[in-house]
Structure formats: C-alpha cells, structure tokens
Amino acid sequence: MFQVRSFSTMTMVVLTGPLGLIGAVPALLLFHQPFGFNAILGLIGLAGILMRNTLILIGQIKTNGESGLDPFHAVIEATVQRARPVILTALAAVLAFIPLTLSVFWGAMAYTLIGGTAIGTVLTLVFLPALYAIWFRVRPSVPQEQVEIRHDETGEDLPVSRVVMFKSYCPGWLDGSGKT
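Notes on the structure in this doc start here. (Residues numbered from 1 in each chain as written. Predicted model: local features only at pLDDT ≥ 70, side-chain atom pairs only at ≥ 80, totals over all residues. Heavy atoms only, no water.)

1. Some points on the overall build of the protein
Within the protein, the regular secondary structure consists of six helices and zero strands. When the elements of the protein are put in sequence order from the N terminus, they spell out α-α-α-α-α-α. Put simply, the protein has 180 residues, and 35% of those count as buried. Considering only contacts within the protein whose residues lie at least 6 apart along the sequence, 63% involve residues at least 24 apart. Surface summary for the protein: the accessible area is close to 10,900 Å², and the carbon and sulfur share equals 68%. (Helix = DSSP H or I, 4+ residues; strand = E, 2+ residues; numbered from the N terminus. Buried < 20%, exposed > 50% of the residue type's maximum accessible area, 1.4 Å probe, protein only. Contact = heavy atoms within 4.5 Å. Areas by Shrake-Rupley, 256 points an atom, 1.4 Å probe, with all protein chains shown as cover.)

In structure tokens form, the structure reads like this:
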C-alpha cells in the first residue's frame, strides 16, 4: 500500500498474483509433482514475482502519464516499453530454476515457479493493461481534427473509433496515399 499510495492500484497488484496458478497447476500435473509444502512455497514466491511485474508496469503507466501522454496511450506505451524487460526477467527466472527440477525435495517448487512464471508473465502483460483501462475508465482520446466520417470500400460509414485507429497506426491508409 505504501509503495503504490492507492487502494485501487494495490487491489490491481493483488489481483495479478493468482494468475500464476494458471501455469503452476498444469506444470505440476504434467510432471507428476506433488502439490505439497514446497509447491505452496513456490506459489508464494510466484505471487511475488508476478506482483513485482505488475508494479513495474503500473509505475511505467504513471510515468508516461506524468510525461504528458494521454491515459490511453500511456497504458499502451508502458506495456510496449516494459514488455521486453519483464519477459527477459521471467525467462531468466525460468532458466535458473531448471537445474532445481532434478531435486527430489525442491522439484515441486521449481516446477511451480517455472510454469507459473512463464504463463503468469504473459497473462500479466495482457491482463493488467486491460484491467487498468477498465478500472480507471481509460478510453481512446479523439482529437477534434480526427472526428470525421470516412467511408470504406462498400460506401458504408466507418465508425469514428476505426478512423482514429487507422489514422494512429496506419497513416496514409484512408487518405489514398497507400503508405502504411
């Protein structure tokens, strides 16, 4: 709570912790490992790894917002900017636990951390921006000069959101220049 200074953000951080279960449980079942004390110990560590990734992502969203980006683009840019560091950190953790899988005692914890970190990291990178956008009601901003009606090939009106999306990500697509 003290690090994020917001109950809403703290709730989002806590909600990403269980995402690791989606990868940890199948990993334990696939490799015939017991769901005992060591696996539960791995789940506690896994929740910490995923919550740290969430804090990194939320911190970048807030930094982007403070630097002048509108909230929608701040969420997108933060996800793009932090995806590689988060994935590489998770990959390093997964590779570090591989030798531990050979241990009879610590094997269940290693498989829990490997499966949960691999799947949980990907889910966090997808789930957190969506949760953030829903939670804080972040919508794409529509500048006044982009509010216009365009027509597609069939002559039907394109929704304004599609016009903005095309103009943002495919400049030249709708003005006939053909450059994307």
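That was the structure; now back to the text.
2. Quick look at the packing of aromatic side chains
Per the counting criterion, the structure on display carries three aromatic pairs. When the centroid spacing of 4.5 Å and the interplanar angle of 20° are considered together, the rings of Phe 31 and Tyr 111 count as stacked. Note that Phe 31 is positioned in the loop between α2 (21-30) and α3 (37-66) and Tyr 111 in helix α5 (residues 107-135), a separation of 80 residues in sequence. Their ring planes at 85° and their centres at 4.7 Å tell us that Phe 105 and Trp 106 sit as a pair that is edge-to-face. A relative accessible area of 52% places Phe 105 in the exposed class. (Phe/Tyr/Trp six-rings, centres within 6.5 Å; stacked < 30°, edge-to-face > 60°.)

3. A short note on a nonpolar patch on the surface
On the surface, Leu 21, Val 25, Leu 29, Phe 35, Phe 37, Ile 40, Leu 41, Ile 44, Phe 105 and Trp 106 cluster together to form a nonpolar patch covering roughly 1,000 Å² of accessible area. Of all the secondary-structure elements, those providing two or more residues to the nonpolar patch are α2 and α3. No other element matches α3, which puts four residues into the nonpolar patch. Mapping Ile 44 onto the fold places it in helix α3. Residue Ile 44 is classed as exposed on the basis of its relative accessible area, which comes to 58%. (Patch = residues over 30% accessible without salt bridge, like charges linked within 9 Å, V, L, I, M, F, W, Y side chains within 5 Å. Salt bridge = Lys/Arg side-chain N within 4 Å of Asp/Glu carboxyl O.)

4. Side note on the nonpolar core
Note on soluble globular proteins: their nonpolar side chains tend to be buried together. Within the largest apolar cluster, 13 residues are counted, with the highest numbers of intra-cluster contacts made by Met 12, Ile 58, Ile 61 and Tyr 132. Those elements that place two or more of their residues in this core are α1 (7-16), α3, α4 (71-97) and α5. The biggest single contributor to this core is α5, with four residues. Excluding its chain neighbours within four sequence positions, the residues that come into contact with Ile 58 are Thr 9, Met 12, Val 13 and Leu 128. (Core = buried A, V, L, I, M, F, W, Y, C linked by side-chain atoms within 4.5 Å.)

5. Description of α1
Inspection of α1 places Thr 9, Met 12, Val 13 and Thr 16 among the buried residues, and these make up the whole buried set. Around the axis of α1, the buried residues are gathered within 100° of arc, so they sit on the same side. In this structure, the buried residues of α1 make contact with α3 and α5. Among the residues of α1, the N-terminal cap falls to Ser 6, whose side-chain oxygen and the backbone nitrogen of Ser 8 are separated by 3.3 Å. (Arc of directions from axis to C-beta. Polar contact = N/O pair within 3.5 Å; in protein donor to acceptor, adjacent residues only side chain to side chain.)

6. A look at α2
Taken together, the buried positions of α2 are occupied by Gly 23, Ala 24, Ala 27 and Leu 28. Take α2 and look down its axis: the buried residues cluster within an arc of 125°, on one side only. Turned more than 90 degrees away from the buried face of α2, the exposed residues are Leu 29 and Leu 30. Its buried side turned inward, α2 meets α3 and α5. Among the residues trailing α2, His 32 stands out with phi positive, at a value near 55°.

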